[in-house]
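Commentary on secondary and tertiary structure
For reference, the chains in residue letters:
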Amino acid sequence: MTSALLTRRPAGAPATRRRRRTGSLLSLLAWLCGIGFFLPVAWMVLTSFHSEADAATNPPSVGASLTLHGYREFFGEGTGISPWPPLINSLTASVLSTLIVLALAVPAAYALSIKPVRKWSDVLFFFLSTKMLPLVAGLLPIYLVAQNTGMLDNIWLLIILYTSMNLPIAVWMMRSFLSEVPAEMLEAASIDGAGLHTTLLRIVAPVAMPGIAATALISFIFSWNELLFARVLTGTVAGTAPVFLTGFVTSQGLFLAKVCAAATVISLPVLLAGFAAQDKLVQGLSLGAVK
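First, a word on what this report is: a plain description of the structure on this page. (Residues numbered from 1 in each chain as written. Predicted model: local features only at pLDDT ≥ 70, side-chain atom pairs only at ≥ 80, totals over all residues. Heavy atoms only, no water.)

Some thoughts on the pattern of salt bridges
Definition in use: The term salt bridge refers to a side-chain nitrogen of Lys or Arg lying within 4 Å of a carboxyl oxygen of Asp or Glu. Only protein chains enter the accessibility calculation, which uses a 1.4 Å probe. A residue is then buried if its area is under 20% of the maximum for its type, exposed if over 50%, and partly exposed in between. Think of it this way: any DSSP run of H or I at least four residues long counts as a helix, any run of E at least two long counts as a strand, and we number them from the N terminus.
Summed over the entire model, instances satisfying the criterion amount to 2 salt bridges. The residue Arg-72 makes a salt bridge to Glu-77 at a minimum N-O spacing of 3.6 Å. Take Arg-72: its relative accessible area is 37%, and that puts it in the partly exposed class. Notably, a salt bridge pairs Glu-73 with Lys-258, separated by 3.4 Å at the nearest N-O pair. Of this pair, Glu-73 sits in helix H4 (residues 69–74) while Lys-258 sits in helix H14 (residues 256–276); the two residues are 185 residues apart in sequence, bridging distant segments of the chain. This pair shows no difference in class: Glu-73 is buried, exactly as Lys-258 is.

And the structure:
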């Protein structure tokens, strides 16, 4: 009897082992998915260091010699075409539109969450409904308006469009983040006589900073990657980096190494911004997920 009691296993041991196996399988699946998403990016970067002859081989040559020829051509060596104006245009449009989006989205989300207005759900649905129209459906009216107002090939037109495109998503995101701000802090600030401006800057903004960072990063990424409006509404003055990238596909063919080098350079600002704000991005996107 004593030996049987000593060798008896805990009742929850099989369930614990099953949970561990399930967790291990899910972790392995997550790693495989992550590697699967990363492999095309890694292949693009590797191809950017190959010569055009090695990049065009079939099957691709993994161990080919490395060269910076694709990057030198991207930065204008031998072609005389500088990528800096499109890169500066993309940076200007993305940063300014993101700042305007935050300046409009935070007060709007404050009114819809912390100080809810009447029929706030209808307001949120209106914001969401603006994303239901495909972008290409509004391209012709926007082009005609820009043509009649002299705004074609103007960077401010892109800033206005990117702001209007990202504002609904930013309001929805910021509302979920601001809903997590403790009401006691706002009541204490109100008792101390803090106005709306002071409450937003000194109370709400520090608490919701992870959400603000996540919203800003997503708005920046969407603006930086936008191609349709920039391709149709700009030309030689306000062309952005994605438009400049499409210029490498010519009637002479597709120069794969040079395209990969250009795509790598154009992707760096987004990657660096995401890496710098990764902790706040994860914290902001998971805010309110676990009660």
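Next comes the rest of the description.
A word on a positive patch on the surface
What counts here: Residues enter patches when their relative accessible area tops 30% and they take part in no salt bridge; the joining distance is 9 Å for like charges and 5 Å for the nonpolar side chains Val, Leu, Ile, Met, Phe, Trp and Tyr. Where accessible areas are quoted, they stem from the Shrake-Rupley method and a 1.4 Å probe; at the residue level, only the protein chains shown are allowed to cover. The sign given to each residue is positive for Lys and Arg and negative for Asp and Glu; His and the chain ends receive no count. Lys charges are placed at NZ, Arg charges at CZ, Asp charges at CG and Glu charges at CD.
A cluster of basic residues, Arg-17, Arg-18, Arg-19, Arg-20 and Arg-21, forms a positive patch on the protein surface. Here Arg-20 is to be found in helix H2 (residues 13–48). Exposure remark for Arg-20: the relative accessible area of 60% places this residue in the exposed category.

Looking at the side chain of Thr-240
Stated formally: Any two residues whose heavy atoms approach within 4.5 Å at even a single point are treated as in contact.
As for its placement among the helices and strands, Thr-240 is situated in the loop between helix H12 (228–233) and helix H13 (241–246). Ignoring anything within four residues of it in the chain, the contact list for Thr-240 reads Pro-86, Asn-89, Ser-90, Leu-158, Glu-226 and Ala-230.

Quick notes on H14
Stated formally: Expected helix span is taken as 1.5 Å per residue step, with the number of steps being one fewer than the number of residues. Working definition for bend: take the seven residues up to and ending at a residue and the seven starting at it, fit an axis to each, and measure the angle between the axes.
For H14, with 21 residues, the first-to-last C-alpha span of 30 Å sits near the 30 Å given by 1.5 Å per residue. When the local axis directions of H14 are compared, the greatest deviation, roughly 35°, occurs at Leu-268, which is followed within four positions by the proline Pro-269. Taken as a whole, H14 has its buried residues at Ala-257, Lys-258, Val-259, Cys-260, Ala-261, Ala-262, Ala-263, Thr-264, Val-265, Ile-266, Val-270 and Gly-274.

A few points about the packing of helix H11 (residues 209–225) against H14
This is how the line gets drawn: Between N-to-C directions, angles span 0 to 180 degrees; the directions come from axes that are lines fitted to C-alpha atoms, helices contributing only their stretch in contact. To sort the angles, those under 35 degrees are grouped as roughly parallel, those over 145 as roughly antiparallel, those from 65 to 115 as roughly perpendicular, and the leftovers as oblique. Think of it as three bins: nonpolar holds Ala, Val, Leu, Ile, Met, Phe, Trp, Tyr, Cys and Pro, charged holds Asp, Glu, Lys and Arg, and polar takes everything else, Gly as well.
Interaxial distance between H11 and H14 falls to 10 Å at its minimum, and their mutual angle equals 175°. The orientation of H11 with respect to H14, classified from their angle, is roughly antiparallel. Seen from H11, the contacting residues are Leu-217, Phe-220, Ile-221, Trp-224 and Asn-225; seen from H14, they are Ile-266, Pro-269, Val-270, Ala-273 and Gly-274. A class-by-class count of the residues in the contact of H11 with H14 yields 8 nonpolar, 2 polar and no charged.

Remarks on the packing of aromatic side chains
To keep it simple, the criterion reads: A pair of aromatic rings is counted whenever rings of Phe, Tyr or Trp (Trp by its six-membered ring) have centres within 6.5 Å, and the orientation is called stacked for planes under 30 degrees apart, edge-to-face for over 60 and tilted otherwise.
Tallied over the full model, the rule gives 5 aromatic pairs. Ring geometry for Phe-74 against Phe-75: centres 5.0 Å apart, planes inclined by 80°, an arrangement best described as edge-to-face. Relative accessible area serves as the criterion here: at 1%, Phe-74 is assigned to the buried category. Here a set of aromatic residues connected by ring pairs shows up, and it is made of Phe-74, Phe-75, Trp-84 and Phe-244.

Examining the environment of Val-265
Counting through the fold element by element, Val-265 comes out in helix H14. Taking the C-alpha atoms as reference points, Val-265 and Phe-75, separated by 190 residues in sequence, lie 9.9 Å from one another. With residues up to four places along the chain from it excluded, the contact list for Val-265 reads Tyr-71, Phe-74 and Phe-75.

Remarks on unusual backbone geometry
In this structure, Asp-153 is a non-glycine residue whose phi angle is positive, near 60°. As for its placement among the helices and strands, Asp-153 is situated in the loop between helix H7 (139–149) and helix H8 (155–178). Overall, Asp-153 belongs to the partly exposed group, its relative accessible area being 21%.

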